[in-house]
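Architecture and fold: a report
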Amino acid sequence: MTGGVEAGAAAEDAAAGGGPRVVLRGLPFDALTEEQVVERVAAGLASGAGGHLVTPNIDIVRQARRGGEARSLVTGADLVVADGTPILWGARLARRPLPARVTGASLIWTLSAAMARDGRSVYLLGGGAPGVPERAGAVLAERYPGLRVAGASAPPMGFDRDERQVAAIAAELTAVKPDLVFVGLGFPRQDRLIAALRPALPGAWFVGCGAAIPFAAGEIERAPEWMQRAGLEWLHRLAGEPRRLFSRYILHDLPFAARFLTGCAVDRYRR
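Structural notes, computed from the coordinates. Only a predicted model underlies this, so the values are computations on that prediction, with no experimental measurement involved.

Summing up its helical and strand segments, the chain has 13 helices and eight strands in all. The globule rule puts the C-alpha radius of gyration for 271 residues at 18 Å, and the 18 Å found for the chain is close to it. Overall, the C-alpha framework of the chain stretches about 50 × 45 × 35 Å when taken along its three principal axes. Per-residue burial over the chain gives 53% buried out of 271 residues. Within the chain, contacts between residues at least 6 apart in sequence are counted, and of these 73% link residues at least 24 apart.

Structure (structure tokens):
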């Protein structure tokens, strides 16, 4: 595994579309604000170019640092923006600052607003129980007049391991031709599925959005703004789902975040 220094100089200006790219501990991040991300996606659609947008938090960075498929899913994406506040802290420590945190939970609103502005369509895939993506679609369509919801689906658990079910979803997407597809299955499942679906819609943008769909549907309450600004959104999620998230957040992500920040601090002196 390469560190941030070895790969950084070669990749800092190699982002899709020519924008600035910062490498932290061997992983690339596009130095873009949320507004710039939205306009990059809109411009891509206007030119007929689709893409894959991934929003790593510290848990995704932890998985990607191990290498293998997780790393390839992040480094192979067209846009990679930091969802986790510790990533912004690490970027500052490495003297390679990123302009802002850009979350899937926020992008589902701002990208939908841009699609409504341009008369385009979205599809919502995943997000939990049946009915959740449909409710999210209804909320988005009501908030953003002009937005076309091409479809919504919450396939059963394990569907993405069944080639026939994945082919059926690809066929449905081909039939309805959405401009943008929100895929909310969690990393790496959502991004693995995106890689399988993109050939069916080369001109569409796919966004791995984690829990954004149930957030939009009102199924899960997002953390208050002050917790988001303080980097404590994970604590709010942990309080809501302690059994599911304790091991990930406390046993794995917190120790990794400390190592990540230490590594970024060391990297600043190796440039």
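Attention now moves to helix α9 (residues 189-197). Turn by turn, an α-helix covers 3.6 residues, leaving residues three or four places apart pointing in a common direction. Among all positions in α9, only Q190, D191, L193, I194 and L197 are buried. The arc that holds every buried residue of α9, seen down its axis, measures 155°, which confines them to one face. Elements that come into contact with the buried residues of α9 comprise β3 (51-54), α4 (68-75), β5 (121-126), α8 (163-176), β7 (180-184) and β8 (205-208).

Of all the six residues making up β5, six are buried; the element is thus mostly covered by neighbouring parts of the structure. One ladder, built from five bridges, connects β5 with strand β6 (residues 148-153); its direction is parallel. Directly across from Y123, in β6, lies its bridge partner G151. A crossover links β5 with its parallel partner β6, the connecting element being helix α7 (residues 132-143), and its sense is right-handed.

Okay, the sheet that holds β7 next. Ordered in space as β4-β3-β8-β7-β5-β6, the six strands form an open sheet in which the pairing is parallel. Looking at which strands have only one partner, the edges of the open sheet turn out to be β4 (79-80) and β6. Note that β5 and β7 share five bridges and pair parallel. When the sheet's bridge partners are listed, L124 is paired in β7 with F182. Sheet strands touched by α8: β5, β6, β7 and β8. Its angle to β5, the strand with the most contacts, is close to 165°. Each of β3, β5, β7 and β8 is contacted by α9, which is oriented at about 165° to β8, the strand it contacts most.

So, on to the nonpolar core. It is characteristic of soluble globular proteins that their nonpolar side chains tend to be buried jointly. The biggest cluster of nonpolar side chains holds 32 residues, and the ones touching the most others in it are L53, I108, L111, L180 and F182. Elements represented by at least two residues in this core include exactly α2 (34-46), α6 (104-117), β5, α7, β7, β8 and α10 (212-217). Per-element accounting of this core gives the leading share, seven residues, to α6. Ignoring sequence-local partners within four residues, the contact set of I108 consists of L124, L140, F182, A212, I213 and A216. Judged by nonpolar contacts, the second largest core, of 26 residues, contains V61, A64, A82 and L88.

The side-chain alternation of strand β1 (residues 21-24) yields two buried faces, one formed by R21 and V23 and the other by V22 and L24. Inspection of the sheet shows β1 paired to strand β2 (residues 27-30) by four bridges, in the antiparallel sense. For L24, the partnering residue across the bridge sits in β2 and is L27.

Looking now at the side chain of D253. Mapped onto the elements of the fold, D253 is located in helix α13 (residues 242-267). At a separation of 3.0 Å, a polar atom in the side chain of D253 contacts the side chain of R62. In this view, D253 contacts I58, D59, R62 and R248; residues no more than four positions away in its chain are not counted.

For the rest of this paragraph, the subject is the environment of A167. Among the secondary structure elements, A167 is positioned in helix α8. With relative accessibility at 46%, the residue A167 sits in the partly exposed group. Taking C-alpha positions, A167 is 8.9 Å from A196, a pair spaced 29 residues apart along the chain.

Basis of the calculations
Residues numbered from 1 in each chain as written. Predicted model: local features only at pLDDT ≥ 70, side-chain atom pairs only at ≥ 80, totals over all residues. Heavy atoms only, no water. Helix = DSSP H or I, 4+ residues; strand = E, 2+ residues; numbered from the N terminus. Rg over C-alpha atoms; globule rule 2.2 N^0.38 Å. Buried < 20%, exposed > 50% of the residue type's maximum accessible area, 1.4 Å probe, protein only. Contact = heavy atoms within 4.5 Å. Arc of directions from axis to C-beta. Pairing = 2+ DSSP bridges. Right-handed = clockwise from strand over helix to strand, strands pointing away. Axes fitted to C-alpha atoms, helices over the stretch in contact; angles between N-to-C directions. Core = buried A, V, L, I, M, F, W, Y, C linked by side-chain atoms within 4.5 Å. Polar contact = N/O pair within 3.5 Å; in protein donor to acceptor, adjacent residues only side chain to side chain.

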